[in-house]
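The primary structure of each chain is shown beneath.
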Amino acid sequence: MRNGREYLESLRDDRRVYIGGERVADVTRHPAFEHAARSIASLYDLAASPDHRDAMTFTSPRTGEPVNVSFLMPRTPADLVKRREAHRVWAEATYGLMGRSPDHVAGFLVGFALRPDVFARGGAEFGDHVVAYYEQVRDRDLYVSYVLIPPQIDRSKPAHQQVDPTLYAGVVEERDGGIVVSGAQVLGTGAPLSDEVFLSSIVPLRPGDENHAISFAVPIATPGVRMIVRRPYAVGAPSVFDYPLSTRFDETDAVLVFDRVFVPWERVFIYRDVKLTEAQFYETPAHLIGNHQAQVRFATKSRFLAGLALRIAEANGVEKIPAVQTLLGELASYSAMAGGLVIAADTECIHDPRGFVYPNPTYLYGNGWLQATYYGTMLNILRELSGSGMLQVPSSYRDFHNAEIAPDLERFIRSPRLGAVDRTKLFKLAWDLVGSEFAGRHAQYELFYAGSRAMTTSLRAYRHYDFTGATALVDRCLASYDLPPAGPDPLLARGP
Ligand SMILES: Cc1cc2nc3c(=O)[nH]c(=O)nc-3n(C[C@H](O)[C@H](O)[C@H](O)COP(=O)(O)OP(=O)(O)OC[C@H]3O[C@@H](n4cnc5c(N)ncnc54)[C@H](O)[C@@H]3O)c2cc1C
């Protein structure tokens, strides 16, 4: 197990992260990343602490040492519950606001390693590579990010028909020792803070796209990997007091450019195989185990949001009004559904004949579509309950230290139960969840992190729902009555 300090040290390497026109010398000391890096470090500390030894670790079968539960291969329903509880501990540490914490891609790697036979269809060595990579990442406790979709250039054409066939990341050269990859892939959430990046394509590929039909992982500091990062939200925020979430939990998103990156064969899992590129996600339990974490994380965030809504209502003294309780009840229902469907997916888990279990896709994919759909409604309820309170706050904590207006703040910004400072903290926290740029990015995240609703999440829910059972009910009902024989209408014949 790594601790937080060791994790932070591992980030001080030759990674190429670009921001504001400059290359970042050290992400652990740059204002855009340092607080988020520390938040991730605190997760490693949490997992490594003796208090969490039972909940957050299991014994590596290779080294005999304790390793992080996010690498546990679920072989029994109890293993799934253990994974769920460990995800919850980490999600609660960041209030569900760091979606791609290290346990996310770890789940995908577990799913891959449970089905090396799928990768071996491309050649026996690929199955060995995927297992060896999983073991290495597990035993070194590494943080892997991933980029699975091509940049939005021209979505009407497949990868190989783009104006330049090396725009989307793909193989440009094969050598004895490995392959050379060029092009871009997105969206590398957490990539600047990770140790490794996994690249493949979850977007369906077509015949002709073989150069893009690959799957591999490299250290994030590999020569030729460049990260172009969107505007960071921690920069420009005057303090944690003013932006408690933007400052600490901005995990960042990056466009990853691969400029003739050499990938040794032992790090290649799929090579020029369109069908296998799709199969790795859906014929293995990778997508389900990875998104299990995502949904535990979302359930935690939904509880945070519901709790914040009640605190806001209390601050304004309206929590006993039935109309306000109706809104809180709506939030409570969404939150209960978010958490309940994870429990349903675990309780009704699928037992694979190969000796492992995975979350039930009916509930997992139904949950995925639902949360992407109602997260916006949850935010709106929080907005509705807050009124203008989120804007009746001073511009910065510094105003509390201005002798001229400090007495005004104490007098006018308060609640029956809260003084000026506590009320300001509460409403600034709410703003950072619904109104700040960080909040806007989160709304986008919940809508898209598992794909778009139109093209992917609804179709996954459709494919995995038990329509056979559902239509059997309808058919049984239809079969329970028939066309009546000719004769007078029995209802009219009965008379008044
Ligand atoms: C904050 C955030 C973080 C993310 N983090 C990661 C990450 O860590 N790793 C990663 O790999 N990806 C990540 N993603 C990317 C995510 O996987 C994609 O956003 C998602 O797959 C949708 O792809 P896209 O954004 O290219 O949208 P597009 O595919 O361009 O689609 C955008 C919209 O266009 C419409 N549309 C496009 N094509 C069709 C069609 N054929 N039929 C119907 N409608 C269509 C739909 O309305 C769709 O919602 C992240 C995204 C966000 C927003």
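Structure first, text after, so check above.
Residues numbered from 1 in each chain as written. Predicted model: local features only at pLDDT ≥ 70, side-chain atom pairs only at ≥ 80, totals over all residues. Heavy atoms only, no water.

Draft legend 1. Seen up close, empty space enclosed by the protein. Within the structure shown, the criterion is met by four cavities of 30 Å³ or more. By volume, the largest cavity amounts to about 60 Å³. Taken together, His287, Asn291, Gln295, Leu364, Tyr365, Gly368, Trp369, Tyr449, Ala450, Thr457 and Arg460 form the lining of the largest cavity. Looking at the lining of the largest cavity, the element that brings in the most residues is helix 12 (residues 361-386), giving four residues. (1 Å grid on protein atoms, 1.4 Å probe; cavity = no way out; pocket = protein on both sides within 12 Å on 5 of 7 lines; lining within 4 Å. Points joined across faces, edges and corners; volume = space filled by probe spheres on them. Helix = DSSP H or I, 4+ residues; strand = E, 2+ residues; numbered from the N terminus.)

Draft legend 2. Layout of the site of the ligand. Taken together, 18 residues form the shell around the ligand, and within it Leu148, Gln152, Arg155, Leu187 and Thr189 come nearest. Arginine 155 places a side-chain nitrogen or oxygen 2.5 Å from an oxygen atom of the ligand. Protein burial of the ligand: of its 960 Å² of free accessible surface, 68% is covered by the chains. One can see that the ligand is located within the largest pocket. Listing elements by their share of the shell around the ligand, those giving two or more residues are strand 5 (144-147) and helix 15 (437-448). Considered class by class, the residues forming the shell around the ligand number nine nonpolar, five polar and four charged. (Near = heavy atom within 4 Å. Polar contact = N/O pair within 3.5 Å; in protein donor to acceptor, adjacent residues only side chain to side chain. Areas by Shrake-Rupley, 256 points an atom, 1.4 Å probe, with all protein chains shown as cover. Sits in = over half its atoms within 2 Å of the grid points. Nonpolar A, V, L, I, M, F, W, Y, C, P; charged D, E, K, R; others polar.)

Draft legend 3. Seen up close, the pairing of strand 1 (residues 16-19). Both strand 1 and strand 10 (residues 225-229) contribute to a ladder of three bridges, which runs parallel. Within the sheet, the bridge partner assigned to tyrosine 18 lies in strand 10 and is isoleucine 228. Across two bridges, the pairing between strand 1 and strand 2 (residues 22-23) is antiparallel. By the bridge assignment, isoleucine 19 is partnered in strand 2 with glutamate 22. (Pairing = 2+ DSSP bridges.)

Draft legend 4. Structural view of the nonpolar core. Grouped together as the largest cluster of nonpolar side chains are 120 residues, with contacts concentrated most on Tyr7, Phe33, Phe112, Phe216, Leu256, Phe258 and Leu433. Looking at this core, the element that brings in the most residues is helix 10 (residues 286-315), giving 12 residues. When sequence neighbours within four positions are dropped, the list of residues in contact with tyrosine 7 reads Arg2, Ala37, Ile40, Ala41, Tyr44, Tyr143 and Leu193. (Core = buried A, V, L, I, M, F, W, Y, C linked by side-chain atoms within 4.5 Å. Buried < 20%, exposed > 50% of the residue type's maximum accessible area, 1.4 Å probe, protein only. Contact = heavy atoms within 4.5 Å.)

Draft legend 5. Spotlight on the layout of surface pockets. What the largest pocket holds in volume is close to 1,500 Å³. Looking at the largest pocket, it is lined by 48 residues, and the ones nearest its centre are Ile149, Arg155, Val203, Gly451 and Ser452. If you list the elements that add at least two residues to the lining of the largest pocket, you get strand 5, helix 9 (274-282), helix 10, helix 15 and helix 16 (453-464). Residues belonging to the lining of the largest pocket are distributed by class as follows: 25 nonpolar, 12 polar and 11 charged.

Draft legend 6. Spatial organisation of the environment of histidine 464. In this fold, histidine 464 is placed in helix 16. Remark: the alpha-carbon pair of histidine 464 and threonine 362, spanning 102 residues in sequence, is separated by 5.0 Å. In contact with histidine 464, not counting residues within four places along its chain, are Pro361, Thr362 and Tyr365.

Draft legend 7. A look at the packing of aromatic side chains. Under the defined criterion, the tally for this structure stands at 24 aromatic pairs. Consider the rings of phenylalanine 108 and tyrosine 146, whose centres lie 5.0 Å apart with planes at 80°: the pair is edge-to-face. Note that phenylalanine 108 is positioned in helix 5 (residues 103-114) and tyrosine 146 in strand 5, a separation of 38 residues in sequence. The pair formed by phenylalanine 108 and tyrosine 146 is uniform in burial state, with each residue classed as buried. An aromatic cluster is present here, built from Phe108, Phe112, Phe119, Tyr133, Tyr146, Phe198, Phe269, Phe281 and Tyr282 joined pairwise through their rings. In this arrangement the basic side chain of arginine 2 is found over the ring face of tyrosine 44, its NZ or CZ atom lying 4.8 Å from the centre. Here arginine 297 stacks its cationic end above the ring of tyrosine 449, 5.4 Å away from the centre of that ring. (Phe/Tyr/Trp six-rings, centres within 6.5 Å; stacked < 30°, edge-to-face > 60°. Lys NZ or Arg CZ within 6 Å of the ring centre and 35° of its normal.)

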